[in-house]
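Analysis of the macromolecular model
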Amino acid sequence: MKKFNDKYETCERTYATLCIYPNKYGPNFISETLNIKATKLQFAGEKVHEKIERKHKINAWFLSSKDKIESKDSRRHIQWIIDQIKGNEEQIITLQKKKIRMYIFCFWSSAHGHGGPTIDPEHMKYLGELNLEIVYDFYC
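Quick notes on the rules
Residues numbered from 1 in each chain as written. Predicted model: local features only at pLDDT ≥ 70, side-chain atom pairs only at ≥ 80, totals over all residues. Heavy atoms only, no water. 1 Å grid on protein atoms, 1.4 Å probe; cavity = no way out; pocket = protein on both sides within 12 Å on 5 of 7 lines; lining within 4 Å. Points joined across faces, edges and corners; volume = space filled by probe spheres on them. Helix = DSSP H or I, 4+ residues; strand = E, 2+ residues; numbered from the N terminus. Nonpolar A, V, L, I, M, F, W, Y, C, P; charged D, E, K, R; others polar. Pairing = 2+ DSSP bridges. Axes fitted to C-alpha atoms, helices over the stretch in contact; angles between N-to-C directions. Salt bridge = Lys/Arg side-chain N within 4 Å of Asp/Glu carboxyl O. Buried < 20%, exposed > 50% of the residue type's maximum accessible area, 1.4 Å probe, protein only. Contact = heavy atoms within 4.5 Å. Parallel < 35°, antiparallel > 145°, perpendicular 65-115°, else oblique.

Now for the layout of surface pockets. In this approach a probe as big as a water molecule rolls over the atoms, and the regions it shows empty are the leftover space. By volume, the largest pocket is sized at about 160 Å³. In terms of lining residues, the largest pocket is bounded by 13 residues, among which Arg13, Thr14, Asp67, Ile69 and Glu70 are the most central. The greatest single-element share of the lining of the largest pocket, amounting to four residues, is contributed by strand β1 (residues 11-21). Among the residues forming the lining of the largest pocket, the class breakdown is two nonpolar, four polar and seven charged.

Looking now at the sheet that holds strand β5 (residues 60-64). If you trace the five strands from one edge of the open sheet to the other, you get β2-β5-β1-β6-β7, paired in mixed fashion. Across the chains shown, the open sheet's two edge strands, defined by having one partner strand only, are β2 (40-42) and β7 (133-139). Taken over all neighbouring pairs, the strand axes of this sheet differ in orientation by 20 degrees on average, direction set aside. By the bridge criterion, three bridges tie β2 to β5 in an arrangement that is antiparallel. Directly across from Leu41, in β5, lies its bridge partner Trp61.

A full pass over the atoms with the stated rule returns four salt bridges. Note that Arg75 and Asp73 form a salt bridge whose closest N and O atoms lie 2.7 Å from each other. Residues Arg75 and Asp73 agree in their burial class; the two are buried. Across the pair Lys125 and Glu129 runs a salt bridge whose closest N-O atoms are separated by 3.1 Å. In this pair, Lys125 and Glu129 both sit in helix α4 (residues 121-129), four residues apart, roughly one turn of the helix. In this structure, Lys125 and Glu129 share a single accessibility class: exposed.

Moving on: the environment of Glu12. Within the element layout of this structure, Glu12 appears in strand β1. Exposure remark for Glu12: the relative accessible area of 49% places this residue in the partly exposed category. Here the alpha-carbon distance between Glu12 and Gly113, two residues 101 residues apart in the chain, equals 9.9 Å. Those residues in contact with Glu12 that sit more than four places away from it in its chain are Lys72, Ser109, Ser110 and Ala111.

On to the packing of helix α1 (residues 27-34) against helix α3 (residues 89-97). The geometry of α1 relative to α3 is characterised by a closest axis approach of 10 Å and an angle of 150 degrees between their N-to-C directions. With respect to each other, α1 and α3 are oriented roughly antiparallel. Across from Phe29, Ile30, Thr33 and Leu34 in α1, the residues of α3 making contact are Gln91, Ile92 and Leu95. When the residues that make up the contact of α1 with α3 are grouped by side-chain class, the tally is five nonpolar, two polar and no charged.

Taken by themselves, the reported measurements are silent on function.
Encoded structure:
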């Protein structure tokens, strides 16, 4: 079992989201292909919010650890994403061959204006084999 620092003192809040942009295939195609229920689906042409007239321009499928994991260690959130997609490696590679863009987005907010997240070498290796980048959004 990996050792995580759930208190991660330099972090105020973090979460990870697998973002998949299925082009013409639509978000439901991703759910069916991976046999995973998304935490959020976005449909092109759908209103961004009931009070906002703007509409989404692209389809998207999201699987997020937000409000599911209470750790301040982004490694635990990335591990949660990995645990959800395990067994779907072949499907993920096949989706990418269809020019479907995907990456893991990590939100990370600093508690004191310094510090930063840690990336586990095992995570880097596994995600690298799946051609999945990690994109960080930092807040101080």
